[in-house]
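Each chain, letter by letter, is given below.
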Protein chains: 2
Amino acid sequence: MTEQSDPSIRPGETAVPLPDRTDAGVYFIGRIRTPWPTRGECPRRGDTANGPICTIEVDERWLDALTGIETHPRLQVLYWMHEARRDLVRQTPRGSEPIGTFALRSPVRPNPIASSVVVLVERSGVILRVRGLDCLDGTPLIDLKPDRGGTAAA
Amino acid sequence: MTEQSDPSIRPGETAVPLPDRTDAGVYFIGRIRTPWPTRGECPRRGDTANGPICTIEVDERWLDALTGIETHPRLQVLYWMHEARRDLVRQTPRGSEPIGTFALRSPVRPNPIASSVVVLVERSGVILRVRGLDCLDGTPLIDLKPDRGGTAAA
């Protein structure tokens, strides 16, 4: 099932045919604004201590859902990595042997959903200013939750 | 926009009209097997130390994507809370004032995606035995990733 004719696949990478249809639908509930317009410019990992402040713009429809969010200093942000292909099951990170997609946090995965923990710096209405993201400017937001994870770095 | 005629809404809870269409599609990539057939029986929070072993059954299509996953003792599991309504923006947890959906980890949210950290006990092909889940038996799986979060409890 390797797509050897696909020039975007590196040696050792494997694609599978995707299912004919999806099983559930996701609403984009806002947009994330970051300083990084291309994937190559994104940092490898967000930095909640020293990274730049980024902006989460939640759609007005969901304003009431933000009630009380400012009581949580750390939030889990789920977002949709809209530029990533979804059919690779083995990937070859730079300088690595091929490895399974579920053993990586690569954006390339069947459901390109990322999870990041951020520090909430300020909320103003539907605008959240946060620190700790590493995603593309314009990334669609799909969820916000209080972080459950105690003392973890991110 | 409060749906005062909806008997499933508690006092103080608010619903909004959902958007006319979803923006992206999710594939269910497997199923989660747990001892809990109803929401009332699910524990409030998974326990990676003392919780029961649960089973994640990944669809055969994604077998190669599991390559190397057993090198990660802790995994992040994303799953779809398929029984939850999606239109509440304020919720009233038992014994609490109404609070915004994004200030809660309730299953009820615009995109009912849960994130749990589990300990991987054993892998056999597409079957993972893990500890730390708290979801319904039969819950659809949508992603597996190495846990990034250091020493957090869950």
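Let me begin by describing the structure that accompanies this report. (Residues numbered from 1 in each chain as written. Chains lettered and ligands numbered in written order. Predicted model: local features only at pLDDT ≥ 70, side-chain atom pairs only at ≥ 80, totals over all residues. Heavy atoms only, no water.)

Attention now goes to the interface of chain A and chain B. The interface of chain A with chain B comprises 57 residues on the first partner and 57 residues on the second. Interface area for chain A against chain B, summed over the two sides, is near 5,500 Å², with a carbon-plus-sulfur share of 57%. On the chain A side of the interface with chain B, the three residues burying the most area are Tyr27(A), Phe102(A) and Arg148(A), jointly 17% of the side's total. Here chain A and chain B share four salt bridges between them. The partner of Asp64(A) in a salt bridge is Arg90(B), with the nearest N and O atoms 3.5 Å apart. Connecting chain A to chain B are 34 residue pairs in polar contact (both at pLDDT 80 or more). Listing elements by their share of the side of chain A that touches chain B, those giving two or more residues are strand E2 (24–26), strand E5 (74–80), strand E6 (88–91), strand E7 (99–100), strand E8 (113–124) and strand E10 (139–146) of chain A. The element that contributes the greatest number of residues to the side of chain A that touches chain B is E10(A), accounting for five residues. Alignment of E2(A) against strand E2 (residues 24–26) of chain B, held across three bridges, turns out to be antiparallel. The residue bridging Val26(A) from the neighbouring strand is Ala24(B), located in E2(B). (Contact = heavy atoms within 4.5 Å. Buried area = accessible area lost by both parts, 1.4 Å probe. Salt bridge = Lys/Arg side-chain N within 4 Å of Asp/Glu carboxyl O. Polar contact = N/O pair within 3.5 Å; in protein donor to acceptor, adjacent residues only side chain to side chain. Helix = DSSP H or I, 4+ residues; strand = E, 2+ residues; numbered from the N terminus. Pairing = 2+ DSSP bridges.)

Residues and elements named next belong to chain B. Read around the closed barrel, the six strands follow the order E3-E4-E9-E8-E5-E10; overall the barrel is antiparallel. Averaged over all pairs of adjacent strands, the angle between their axes in this sheet comes to 45 degrees, without regard to strand direction. In the sheet, strand E8 (residues 113–124) pairs with strand E9 (residues 127–131) via five bridges, with the strands oriented antiparallel. Each residue of the ladder has a partner; that of Arg-123, found in E9, is Leu-128. (Axes fitted to C-alpha atoms, helices over the stretch in contact; angles between N-to-C directions.)

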